[in-house]
Amino acid sequence: DTKMAPELRRNYKNIGDCLTRIVKEEGPLKLWSGGVPTVIRATLLSATVLGVYSEAKEQLHAKYPHIFQNKDGIPLMFCSTMVASFLATGVSNPFDVVKSRVQQNPGMYKSMGDCFVRSIQAEGMPVLMKGFTPAFLKLAPYTTISLILTDKLTKQIYGKSAL
């Protein structure tokens, strides 16, 4: 609410007031506005991370066996998560840019597609990669920790690799 222009602010008292007023004034479905772009972005990001991580592990181990001797070793897992994080950021970043613009400028765009087209027309294709570096720097440590832990714990518990 504080990011909106003063004349558009709703001046909620607290989270409870916010939720009840949105439901009363705009309907319960308004609580999920912005949900579709968020789900699309999360789906693309997760699918890319998981798919690329598994494939990167296989390819790096096959092409550089002298460097990555252990298929379950930390160096191979680390490099694979970095590749996966980089590519996942590239895939999801355009949706992140559009999602943020749609959510921060209610009523300005008819749809995500409209925002996508208008943003490119106004600023060119590079607009879709705005914020790439911070997004990658945020995703890479999370991906590294979560995927290595998942792989190591699964190997310990079930005797096979998770990914």
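You'll find the structure just up there.
Residues numbered from 1 in each chain as written. Predicted model: local features only at pLDDT ≥ 70, side-chain atom pairs only at ≥ 80, totals over all residues. Heavy atoms only, no water.

Novice: Can you break down the overall build of the protein residue by residue, with the values?
Specialist: Of the regular secondary structure elements, the protein holds five helices and zero strands. Ordered by position from the N terminus, the helices and strands of the protein form the series α-α-α-α-α. The C-alpha atoms of the protein give 21 Å as radius of gyration, which overshoots the globular expectation for 163 residues (15 Å, by more than 25%). Seen through its principal axes, the protein has C-alpha atoms that stretch 65 × 40 × 20 Å. In the protein, of all internal contacts separated by at least 6 residues, the share reaching a separation of at least 24 is 56%. Roughly 10,500 Å² of accessible area belongs to the protein as shown, and the carbon and sulfur atoms make up 65% of that amount. (Helix = DSSP H or I, 4+ residues; strand = E, 2+ residues; numbered from the N terminus. Rg over C-alpha atoms; globule rule 2.2 N^0.38 Å. Contact = heavy atoms within 4.5 Å. Areas by Shrake-Rupley, 256 points an atom, 1.4 Å probe, with all protein chains shown as cover.)

Novice: Break down the pattern of salt bridges for me, citing the residues and quoting the values.
Specialist: When charged atoms on two side chains of opposite charge get close, those side chains can pair. Counted under the stated rule, the structure contains 11 salt bridges. The partner of glutamate 58 in a salt bridge is lysine 71, with the nearest N and O atoms 2.8 Å apart. On the criterion of sequence distance, the pair formed by glutamate 58 in helix H2 (residues 35-63) and lysine 71 in the loop between H2 and helix H3 (74-104) is long-range, its members being 13 residues apart. Residue glutamate 58 is classed as partly exposed on the basis of its relative accessible area of 40%. (Salt bridge = Lys/Arg side-chain N within 4 Å of Asp/Glu carboxyl O. Buried < 20%, exposed > 50% of the residue type's maximum accessible area, 1.4 Å probe, protein only.)

Novice: How would you summarise unusual backbone geometry if you had to cite specific residues and measurements?
Specialist: A negative phi angle is the norm for most residues apart from glycine, just as the trans form is the norm for most peptide bonds. The phi dihedral of asparagine 11 falls on the positive side, at around 50°, and the residue is not glycine. As for its position among the elements, asparagine 11 is in the segment before helix H1 (15-26).

Novice: Could you give an account of the nonpolar core, naming the residues involved and the relevant values?
Specialist: Ranked by size, the top nonpolar core spans 10 residues in total: Leu45, Val49, Val52, Tyr53, Met77, Ala84, Ala88, Leu139, Leu147 and Ile148. When contributions to this core are tallied by element, the ones reaching two or more residues are H2, H3 and helix H5 (132-158). Here the element with the most residues in this core is H2; it accounts for four residues. When near neighbours in sequence (up to four residues on either side) are disregarded, leucine 45 contacts Ala88, Ser92 and Leu139. (Core = buried A, V, L, I, M, F, W, Y, C linked by side-chain atoms within 4.5 Å.)

Novice: Describe H1, naming the residues involved and giving the relevant values.
Specialist: An α-helix turns once per 3.6 residues; consequently, residues spaced three or four apart project the same way. Between its terminal C-alpha atoms H1 stretches 16 Å, which fits the 16 Å expected from 12 residues at 1.5 Å a residue. Within the span of H1, buried status applies to Asp17, Cys18 and Ile22. The buried residues of H1 all sit within an arc of 125° when viewed along its axis, so they share a single face. Among the residues of H1, the N-terminal cap falls to asparagine 14, whose side-chain oxygen and the backbone nitrogen of glycine 16 are separated by 3.0 Å. Once H1 finishes, glycine 27 follows within two positions and takes phi at roughly 95°, a positive value. (Expected span 1.5 Å × (residues − 1). Arc of directions from axis to C-beta. Polar contact = N/O pair within 3.5 Å; in protein donor to acceptor, adjacent residues only side chain to side chain.)

Novice: Quick rundown of the packing of H3 against helix H4 (residues 112-123)? Include the residues and the values.
Specialist: For the pair H3 and H4, interaxial distance at closest approach is 9 Å and the crossing angle is 105°. Classed by the angle they form, the pair H3 and H4 counts as roughly perpendicular. When H3 is examined against H4, the residues Phe95, Val98, Arg101 and Val102 are found in contact with a partner set consisting of Met112, Cys115, Phe116, Ser119 and Glu123. Grouping the amino acids of the contact of H3 with H4 by side-chain chemistry returns six nonpolar, one polar and two charged. (Axes fitted to C-alpha atoms, helices over the stretch in contact; angles between N-to-C directions. Parallel < 35°, antiparallel > 145°, perpendicular 65-115°, else oblique. Nonpolar A, V, L, I, M, F, W, Y, C, P; charged D, E, K, R; others polar.)

Novice: Can you explain the environment of aspartate 96? Please cite residues and give values.
Specialist: For aspartate 96, the location among the structural elements is in helix H3. A polar contact is formed between the side chain of aspartate 96 and the side chain of arginine 41, at a distance of 3.0 Å.

Novice: Run through the packing of aromatic side chains, naming residues and quoting values.
Specialist: Summed over the entire model, instances satisfying the criterion amount to three aromatic pairs. With a centroid separation of 5.8 Å and an interplanar angle of 80°, the aromatic rings of phenylalanine 86 and phenylalanine 136 are classed as edge-to-face. With phenylalanine 86 in helix H3 and phenylalanine 136 in helix H5, this residue pair connects regions lying 50 residues apart in the sequence. Residue phenylalanine 86 is classed as partly exposed on the basis of its relative accessible area, which comes to 45%. On the accessibility criterion, phenylalanine 136 (18% relative accessible area) is buried. With a centroid separation of 6.5 Å and 5° between ring planes, the pair formed by phenylalanine 132 and phenylalanine 136 is classed as stacked. With a gap of four residues between them, phenylalanine 132 and phenylalanine 136 both fall in helix H5, about one helical turn apart. Across the pair, exposure class does not vary: phenylalanine 132 and phenylalanine 136 are buried alike. (Phe/Tyr/Trp six-rings, centres within 6.5 Å; stacked < 30°, edge-to-face > 60°.)

From the geometry alone we can't say anything about function, so treat these as descriptive.
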